[in-house]
Structure formats: C-alpha cells, structure tokens
Amino acid sequence: MPVSLCGTWDMVSNVNFEEFMIALGIGLYTRKIALKLKLRKVIEQVGDRYVVKTISTFRNYTFSFRVNEEFQEFTKGLDDRHCKSLVDWEGNKLMCIQKGEKKNRGWRHWIEDDKLHLELHCEDQICKQVFKRVI
Ligand code: 1AG
C-alpha cells in the first residue's frame, strides 16, 4: 500500500509553470496572476474516493475520483476543457492521464522526503511543483 498523500500541503516551489500554462493556452494576463500564487493542496480520501482541492487567493479547483475508474473532468477556472481522466497507481506515484484536446496531458503525485511532489505535463512541457505539509 503506497504512502498516503492525504493532508494539507503548501507550495514551496513551482518550476516551468509559465511554459506549462502556455501549452494549455492560458492568456498572458491570467498567467501573470497565476505565477505569483502560492497554491495549497488539500487531499482527502473517503473509502476509495479521493477529493483533491487546489486552493489559492485567485481561484480554487476541486475534483474527485476513484482510482482506476475513468471520469469526466472539466477543468473549470483553469483552461476550461473537458477531459476523460483516469487515475491509477504507478508504483508509489498516483498518476493521471487526461485524454482530450491537448496531447500528452496528465499529472503524477508522490511523496519524497516528506514533501508532496507533483509533475503536471501537457504537450512537451513539464511543470514541477513541491509542497510541504502544513502543521
Ligand atoms: C491539477 O492538479 C491542477 C491544479 O489538476 C492546478 C494547478 C495548476 C494550474 C493548472 C493550470 C493553469 C491554468 C490556468 C491558470 C489559472 C489559475 C491559476 C491556478 C489556480 C489553481 C486553482 C492535479 C493534482 C491532482 O493536484 O492531485
């Protein structure tokens, strides 16, 4: 059983976020605001259902899924696209493939050195975010 990702996590680093947003087609003005944000990640698990909240002073984004069960995702407030998303464990990494208009889209989450790591990818861009546990 992989280590739990659950908890409240605050961003400590965010590498290549701008290029990732450009790959998603996010406009300049929104990118400039988004780049300054310190995101908070709240991950909860009830039974086999996960709820992942990304919280900021600008916008919030919440979605929910069961592992290995495809779901319709609407990335409301992000790039506002519809995807068919599938989350599964890949060793100790929780990974998601987001099938839709954008090629090679998805993310991976894992714990390393007590930090929550997130790699977001779209087309040829990879954004790497690291979060530390709150409290
Ligand atoms: C996600 O995480 C994405 C969560 O699915 C948000 C992270 C980065 C933002 C993504 C794209 C940027 C698009 C538009 C910028 C607009 C707003 C700024 C960001 C606001 C954040 C709510 C997956 C993973 C699942 O955590 O566990």
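Just above sits the structure.
Residues numbered from 1 in each chain as written. Predicted model: local features only at pLDDT ≥ 70, side-chain atom pairs only at ≥ 80, totals over all residues. Heavy atoms only, no water.

On to the pattern of salt bridges, then. Per the stated rule, a full pass over the model turns up twelve salt bridges. For R66, the salt bridge goes to D48, with nearest N and O atoms at 3.0 Å. Of this pair, R66 sits in strand β4 (residues 61-66) while D48 sits in the loop between β2 (40-46) and β3 (49-55), and the two are 18 residues apart along the sequence. (Salt bridge = Lys/Arg side-chain N within 4 Å of Asp/Glu carboxyl O. Helix = DSSP H or I, 4+ residues; strand = E, 2+ residues; numbered from the N terminus.)

All right, on to the site of the ligand then. Surveying the vicinity of the ligand reveals 23 residues, the closest of which are K41, V52, R59, F63 and H109. In this structure, K41 approaches the ligand through a side-chain N or O atom, which is 2.5 Å from an oxygen atom. One of the side-chain nitrogen or oxygen atoms of H109 is found 2.9 Å away from an oxygen atom of the ligand. Compared with its free state, where it exposes 650 Å², the ligand has 98% of that area covered by protein. Mapping the ligand onto the cavity grids shows that it belongs to the largest cavity. Going through the elements one at a time, α1 (17-23), α2 (28-35), β3, β4, β8 (106-112) and β9 (115-122) are the ones with two or more residues in the shell around the ligand. Residues that form the shell around the ligand fall into these classes: 16 nonpolar, five polar and two charged. (Near = heavy atom within 4 Å. Polar contact = N/O pair within 3.5 Å; in protein donor to acceptor, adjacent residues only side chain to side chain. Areas by Shrake-Rupley, 256 points an atom, 1.4 Å probe, with all protein chains shown as cover. 1 Å grid on protein atoms, 1.4 Å probe; cavity = no way out; pocket = protein on both sides within 12 Å on 5 of 7 lines; lining within 4 Å. Sits in = over half its atoms within 2 Å of the grid points. Nonpolar A, V, L, I, M, F, W, Y, C, P; charged D, E, K, R; others polar.)

Don't take any of this as a statement about function, it's just geometry.
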